[in-house]
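Chain residues, written in single-letter form:
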Amino acid sequence: MMTCWDDDNRVPVVHPLAILQWKAGAAEVADADFQWLRRYSKRNPDVAGYAVALNLTGVPFRLALTKFRGGEAGRPWVIESERSGR
């Protein structure tokens, strides 16, 4: 079975292609999550990190995404949509 850990020291040796850090019911991802993705992507430049916040309870609905690569955060993508009639 392939895992990210080595057999002896529980040290990560296989890194994912991407990490998705997401929050549901929140307008934003916590700053600690942003900092963790920044550090991880800086140490592992081939890994893309995504911070995603999805809030379907507010008006407007909101989806926010920031991509991290090589320790740098890209420009946030934000989509807001008014609640449709139900």
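What comes next is a walk through the structure. Only a predicted model underlies this, so the values are computations on that prediction, with no experimental measurement involved. (Residues numbered from 1 in each chain as written. Predicted model: local features only at pLDDT ≥ 70, side-chain atom pairs only at ≥ 80, totals over all residues. Heavy atoms only, no water.)

**A short note on the side chain of Arg62**
- When you line up the elements, Arg62 lands in strand β3 (residues 61–69).
- The exposure class of Arg62 is buried, given its relative accessible area of 17%.
- One polar contact links Arg62 to Glu80, side chain to side chain, over a distance of 3.1 Å.
- Apart from residues lying up to four places away in sequence, Arg62 is in contact with Ala27, Glu28, Ala53, Leu54, Asn55, Val78, Ile79 and Glu80. (Helix = DSSP H or I, 4+ residues; strand = E, 2+ residues; numbered from the N terminus. Buried < 20%, exposed > 50% of the residue type's maximum accessible area, 1.4 Å probe, protein only. Polar contact = N/O pair within 3.5 Å; in protein donor to acceptor, adjacent residues only side chain to side chain. Contact = heavy atoms within 4.5 Å.)

**Topic: the packing of aromatic side chains**
- A complete count under the given rule lists 2 aromatic pairs for this structure.
- Considering the side-chain rings of Phe34 and Phe68, the 5.7 Å spacing of their centres and the 50° angle between planes classify their relative orientation as tilted. One end of the pair, Phe34, is in helix α1 (residues 31–43); the other, Phe68, is in strand β3, with 34 residues separating them in the sequence. Of the two residues, Phe34 and Phe68, both sit in the buried class. (Phe/Tyr/Trp six-rings, centres within 6.5 Å; stacked < 30°, edge-to-face > 60°.)

**A look at the pattern of salt bridges**
- The full count for this structure, using the stated rule, is 3 salt bridges.
- Note that Lys23 is salt-bridged to Asp33, the shortest N-O span being 3.1 Å. Taken as a pair, Lys23 in strand β1 (residues 18–24) and Asp33 in helix α1 lie far apart in primary sequence, 10 residues in all.
- Taking the relative accessible area as the measure of exposure, Asp33 reaches 13% and is therefore buried.
- Across the salt bridge formed by Arg62 and Glu80, the nearest N and O atoms sit 3.1 Å from each other. Placement of Arg62 in strand β3 and of Glu80 in strand β5 (residues 77–81) is noted, with a sequence separation of 18 residues between them.
- One connected set of salt bridges, linked through shared partners, spans Glu28, Arg62 and Glu80. (Salt bridge = Lys/Arg side-chain N within 4 Å of Asp/Glu carboxyl O.)

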